Amino acid sequence: MSLALYRKYRPSVFADVIGQEHVTVPLSNALSADRTHHAYLFSGPRGCGKTSSARIMARSLNCEKGPTPNPCGECQSCKDLVANGPGSIDVIELDAATHGLVDDARDLRDKAFFAPVNSKYKIYIIDEAHQLGPGAANALLKVVEEPPPHVIFIFATTEPEKLISTIRSRTHHYPFRLVPPGILAAHLEKICNAEGVTVAKGVIPLVVRASGGSVRDALSVLGQLLAGAGVDGVSYDIAIQLLGFTDGALLDDAVDALAAHDGATLFQTVDRVIESGHDPRRFTSDLLERLRDLMIVSALAETNANTILRELPDDQLERMRNQAQRIGAAGLSRAADIAAQGLTEMRGATAPRLILELICGRILLPIGDTSESGLLTRIERLERAENLAPMSTQPAVPVRAAAPAPQRASVPDFVAPAVAEAIHEAPVAIKKETIKAEPIGSMDISGLRRIWPDVIEDVKKRRRLTWSLLSASAQILGVDDKNITIGIVNSGARDSFIRSESDVILRQAFIDVVGLDRKIEMVVDPSINPNTPQARATRVDEAPGDETQLSGSALLARELGAQVIREK
Ligand SMILES: [Zn+2]
């Protein structure tokens, strides 16, 4: 591959910048109306198109027919400033990260007043602008404050709050965002087609997830996959080999396994962390950070979590919401304590892997932990089991599922003996010993769990009822060469699932998304918390009776209610 994909498919006009319409549309309108400003600030995460957009802005301003959002492509300036073109003497790019920029800034201050050589505007693109030293910033400020009419500044930065405020306040600020998974996936598919390489089902979602919403990272990963493609294109095997070992994927696998109380997979994941050369200390510190994020997700309502964890793409946030619900607030807090303590123990330790495994073991086994947080975790699990047990026999199910989460604050002292007794009877205390977590070729259970949200999305397109049964109250427990085992919240939901022949739908979704054809086996798994926001949410605009308008919980409630009546 002669040219990296990110460079090869770099856009030259705003219409080709993906996922940033909230920025590119108003900028295009300003260009059309000739209402441009003399200083712009493009902020946002790395790899989302800030620098590309700065160059497009320069091209749009300096086109002979400009300013225009549709540069002609014919004039000298358009040819010079096309993506991967030779560049223009009047468009000056400076990288504040590699220079102190003090000398450059003084030089710029002196030269800015000279007219552009060939173009309408002299445009300065200052990348990593937050790294401008104070001397450079002050030198620039003079020009930004009183710019000659032919000078335009475009500052690009990942950290706009660090740009000195006297400069920032003189710019028009455009925040770029991570690209939503659906848009990024469509873009990647288009590129695969253009490159003439076939890509197996399930590969693109893996790439999207590994990129975390950064177009540059996504194209870099895709480029590597395409470079290693065989005659049949890129197989899922190759992709999982490469992408199953990224930091994010390993972290997701570990937390998914924690949430499912699945020790086998958790220790396999630790094994993969070590085998793939990751530093156990780094992994533990990433795990601690993830647990912190999950606590934020768990503590805050949907919109607030979105604001605080705004670097996260929506699908990842949704995934974390699900993980947080399954582990529970007390479980998260306790796991974070254990991880933090383990991280301290790791300092100077000769066998950090051993300590990482101990951390995992401690988090998995709240039984025997008599600290307050250990008790709270046990109570949390019991409450879930208690909520679940009567569900299939009482008509009051929907009401119960809709009730607010129980208060936990004053429980531990007097409940503790009952906990010890009940824990032997509670269904959650039964370990999933019967379910194997051995890898099936490369399609192991971690791989399947990673792809599960995509499978659910596919199910949603096929039948809403099946989706509603699965979305908040089911998880993958096992896979072998015959079956995929799905745990579902209670026997009522399982029966509905089977009676409605939803297994056919789910099986087809697995075939379509992952290319894996297995019989679907449903078992009851009470460790799933039914009090998820998805399970509780009931939209006000629902029209009863119209199935397509009903939320998942409403459908589920109706289905369970109907079943109870039939059984009477
Ligand atoms: Zn032109």
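Residues numbered from 1 in each chain as written. Predicted model: local features only at pLDDT ≥ 70, side-chain atom pairs only at ≥ 80, totals over all residues. Heavy atoms only, no water.

An unreviewed UniProt entry lists the protein under the name DNA-directed DNA polymerase, with freshwater metagenome given as the organism. According to the UniProt record, the Sequence similarities (unreviewed entry) comment for the protein is "Belongs to the DnaX/STICHEL family." (UniProt positions renumbered as here; feature names shortened; annotations may be inferred.)

(A) Broad picture of the overall build of the protein. In terms of regular secondary structure, the protein is built from 27 helices and 8 strands. Evaluated residue by residue, the protein yields a buried proportion of 51% over its 568 residues. Considering only intrachain contacts with a sequence separation of at least 6, the fraction spanning at least 24 residues in the protein is 75%. A total accessible area of about 25900 Å² is found for the protein, and carbon and sulfur atoms account for 53% of it. (Helix = DSSP H or I, 4+ residues; strand = E, 2+ residues; numbered from the N terminus. Buried < 20%, exposed > 50% of the residue type's maximum accessible area, 1.4 Å probe, protein only. Contact = heavy atoms within 4.5 Å. Areas by Shrake-Rupley, 256 points an atom, 1.4 Å probe, with all protein chains shown as cover.)

(B) Main features of the packing of helix α8 (residues 181–195) against helix α10 (residues 215–227). Interaxial distance between α8 and α10 falls to 11 Å at its minimum, and their mutual angle equals 35°. The element α8 and its partner α10 pack so that their crossing is right-handed. Every residue of α10 that contacts α8 at Leu-184, His-187, Leu-188, Ile-191, Cys-192 and Glu-195 is listed here: Val-215, Ala-218, Leu-219, Leu-222 and Leu-226. (Axes fitted to C-alpha atoms, helices over the stretch in contact; angles between N-to-C directions. Left-handed = near helix turned anticlockwise from the far one by under 90°.)

(C) Seen up close, the nonpolar core. One finds Trp-452, Leu-470, Ile-486, Leu-506 and Phe-510 to be the most contacted residues of the largest nonpolar core, which totals 56 residues. Leaving out residues up to four positions away in the same chain, Leu-470 has contacts with Trp-452, Ile-456, Val-459, Ile-486, Phe-497, Leu-506 and Met-522. In this structure, Ala-254, Leu-287, Met-346 and Ile-363 belong to the second largest nonpolar core, which totals 33 residues. (Core = buried A, V, L, I, M, F, W, Y, C linked by side-chain atoms within 4.5 Å.)

(D) Here's a closer look at the coordination of the zinc ion. Binding of the zinc ion to the protein goes through Cys-63 (SG), Cys-72 (SG), Cys-75 (SG) and Cys-78 (SG), at separations of 2.3 to 2.4 Å. Taken together, the 4 donor atoms coordinating the zinc ion and their angles of 103 to 123° define a geometry best described as tetrahedral. We note that the donor set of the zinc ion lies within a single chain, spaced as C-x8-C-x2-C-x2-C. Residue class for Cys-75 comes out buried when judged on its relative accessible area of 5%. (Donors = N, O, S within 2.8 Å, 3.2 Å for Na, K, Ca; no water. Tetrahedral: all angles 85-135°; square planar, octahedral: opposite > 155°, others 65-115°.)

(E) Local environment of the packing of helix α12 (residues 247–259) against helix α14 (residues 280–299). Between α12 and α14, the least distance of the axes is 10 Å, while the angle of their chain directions is 65°. You can see that α12 and α14 cross each other, and the crossing is right-handed. Contacts from Asp-247, Leu-250, Leu-251, Asp-252, Ala-254 and Val-255 of α12 reach α14 at Arg-282, Phe-283, Asp-286, Leu-287, Arg-290 and Leu-294.

(F) How the structure looks around the sheet that holds strand β8 (residues 519–524). Across the sheet, 3 strands lie side by side as β6-β7-β8; this open sheet has mixed pairing. Every interior strand has two partners, whereas the edge strands, β6 (474–479) and β8, have only one. Averaged over all pairs of adjacent strands, the angle between their axes in this sheet comes to 30°, without regard to strand direction. Across 5 bridges, the pairing between β6 and strand β7 (residues 483–488) is antiparallel. Each residue of the ladder has a partner; that of Val-479, found in β7, is Ile-484. Helix α24 (residues 491–499) rests against β7 and β8 of the sheet, and its axis sits at about 155° to β8. Running over the sheet, helix α25 (residues 502–514) touches β6, β7 and β8 and is turned about 120° from β8. (Pairing = 2+ DSSP bridges.)

(G) Representation of the pairing of strand β1 (residues 39–43). For β1, a buried count of 5 out of 5 residues is recorded, marking the element as mostly surrounded by other parts of the structure. Judged by which residues are buried, β1 turns out to be covered on both faces: Ala-39, Leu-41 and Ser-43 on one side and Tyr-40 and Phe-42 on the other are all buried. Relative to strand β4 (residues 151–157), β1 is paired through 5 bridges, and the arrangement is parallel. Within the sheet, the bridge partner assigned to Ser-43 lies in β4 and is Thr-157. Note that β1 and strand β5 (residues 172–175) share 4 bridges and pair parallel. When the bridges of β5 are listed, Ser-43 appears paired with Pro-175.

(H) View of the packing of aromatic side chains. Applying the stated criterion across every chain yields a total of 7 aromatic pairs. Seen from their ring centres, Phe-42 and Phe-176 are 5.3 Å apart, and the 45° between their planes marks the pair as tilted. In this pair, Phe-42 sits in strand β1 while Phe-176 sits in the loop between β5 and α8, placing the two residues 134 residues apart along the sequence. The class of Phe-176 is buried, set by a relative accessible area of 4%. Residues Trp-452 and Phe-510 carry aromatic rings whose centres are separated by 6.1 Å and whose planes lie at 25° to one another, so their mutual orientation is stacked. You can see Trp-452 sitting in helix α22 (residues 445–462) and its partner Phe-510 sitting in helix α25, a full 58 residues away along the chain. Comparing Trp-452 with Phe-510 shows no difference in burial state: the two are buried. For Lys-460, the ring lying beneath its charged end belongs to Trp-467, and the centroid distance is 4.6 Å. (Phe/Tyr/Trp six-rings, centres within 6.5 Å; stacked < 30°, edge-to-face > 60°. Lys NZ or Arg CZ within 6 Å of the ring centre and 35° of its normal.)

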